[in-house]
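Breakdown of the fold
What follows is each chain in one-letter form.
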Amino acid sequence: MRTARPRWRALVLGGARSGKSAFAERLLLDDPEVLYAATAPRYEGDAEWAERVARHREVRPASWRTVEVGDAPERLAALLRTAERTVLVDSLTLWLTVAMDAVGAWDDEAWKGEAPDGGARAALGMLVADLVDAYAGSAGSVVAVSDEIGFGVVPGSAGTRRFRDELGRRNQDVAAAADEVSLVVAGIPVRLKPGAGTLG
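What you see is a predicted model; the values in this text were computed from it and never measured.

**A look at the packing of helix H3 (residues 74-82) against helix H6 (residues 119-136)**
Packing of H3 against H6 brings their axes to within 8 Å, and their N-to-C directions diverge by 20 degrees. The orientation of H3 with respect to H6, classified from their angle, is roughly parallel. As H3 packs across H6, the resulting crossing turns out to be left-handed. Across the interface between the two elements, Glu74, Leu76, Ala77, Leu80 and Arg81 from H3 touch Leu127, Asp130, Leu131, Asp133, Ala134 and Tyr135 from H6. Grouping the amino acids of the contact of H3 with H6 by side-chain chemistry returns 7 nonpolar, no polar and 4 charged.

**Focus on empty space enclosed by the protein**
Counted according to the given criterion, the structure contains 1 cavity of 30 Å³ or more. Its boundaries defined by the atoms lining it, the largest cavity holds a volume of some 50 Å³. Together, Leu92, Trp95, Leu96, Val128, Leu131, Val132, Leu167, Arg170 and Val174 line the largest cavity. If you list the elements that add at least two residues to the lining of the largest cavity, you get helix H4 (92-103), H6 and helix H7 (158-177).

**Thoughts on the environment of Ala144**
Position of Ala144 relative to the elements: it lies in strand S5 (residues 142-147). The exposure class of Ala144 is buried, given its relative accessible area of 1%. Leave out the neighbours within four places in its chain, and Ala144 touches Ala10, Leu11, Val12, Val89, Leu92 and Tyr135.

**Re unusual backbone geometry**
That bond from Asp90 to Ser91 is cis: its omega, 5 degrees, falls within 30 degrees of zero. The residue Ser91 is located in the loop between strand S4 (87-90) and H4 in this model. Even without being a glycine, Arg17 presents a positive backbone phi close to 60 degrees. Mapped onto the elements of the fold, Arg17 is located in the loop between strand S1 (9-14) and helix H1 (20-27). Taking relative accessible area as the criterion, Arg17 reaches 64% and is therefore assigned exposed.

**Comments concerning the packing of H4 against H6**
Viewed as axis vectors pointing N to C, H4 and H6 meet at an angle of 145 degrees, and their least axial separation amounts to 9 Å. For the element pair H4 and H6, the recorded crossing hand is right-handed. Packed against H4, whose contacting residues are Leu92, Trp95, Leu96, Ala99, Met100 and Val103, the element H6 presents Ala120, Ala123, Leu124, Leu127, Val128 and Leu131 at the interface.

**Thoughts on the nonpolar core**
Core analysis: the biggest nonpolar cluster contains 37 residues, and Leu11, Leu76, Leu80, Val87 and Val89 have the highest contact counts within it. If one sorts the elements of this core by residue count, H6 sits on top with 8 residues. Setting aside residues up to four positions removed in sequence, Leu80 forms contacts with Val87, Val89, Leu131, Ala134, Tyr135, Ser138, Ala139 and Val142. Formed by 15 residues, the second largest nonpolar core is a distinct cluster that contains Ala10, Leu28, Val143 and Val184.

Conventions used here
Residues numbered from 1 in each chain as written. Predicted model: local features only at pLDDT ≥ 70, side-chain atom pairs only at ≥ 80, totals over all residues. Heavy atoms only, no water. Axes fitted to C-alpha atoms, helices over the stretch in contact; angles between N-to-C directions. Helix = DSSP H or I, 4+ residues; strand = E, 2+ residues; numbered from the N terminus. Parallel < 35°, antiparallel > 145°, perpendicular 65-115°, else oblique. Left-handed = near helix turned anticlockwise from the far one by under 90°. Contact = heavy atoms within 4.5 Å. Nonpolar A, V, L, I, M, F, W, Y, C, P; charged D, E, K, R; others polar. 1 Å grid on protein atoms, 1.4 Å probe; cavity = no way out; pocket = protein on both sides within 12 Å on 5 of 7 lines; lining within 4 Å. Points joined across faces, edges and corners; volume = space filled by probe spheres on them. Buried < 20%, exposed > 50% of the residue type's maximum accessible area, 1.4 Å probe, protein only. Core = buried A, V, L, I, M, F, W, Y, C linked by side-chain atoms within 4.5 Å.

Note that all results are geometric; they support no functional claim without further evidence.
Here it is in structure tokens:
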């Protein structure tokens, strides 16, 4: 069982359908007041995506409260700085998708930074720095979930390669600020960065 303590931070990594979200939720089952930060964007007209989101919501404890932060990337950092209860962020992968959408980072020309303000690269860098700072200095405990996508083949498009590289770097940033880091493979968690016995 996890020993409660203030400002405890964990990062849970894993591939698609690895069991990472379920593991992250199990870490917090003894906490009745979790704030679930749902970073998934809304895809209008996508019934399969809506069903997927609904399934995730159904398995959460009734006492947990869900806050949708997928409509604007800056909302997650603001939540982490002000939340008075434990926050479960699921996931940083979807957050990065929203952030790249918001600044136009999928576009090669925008990414080159020829605009006076530095372009998409500079804008994304500011959003990322703000999020990592909020995670490191969070008001309460935080468990963040993120995908590990660096084990696969090199993506065929520049935008997808950019996303893979940015997610890998962001995972490193958050892992450096975390007290504990776990990688979930086939439903089995492997501790990468052990803390002081905070995970049960």
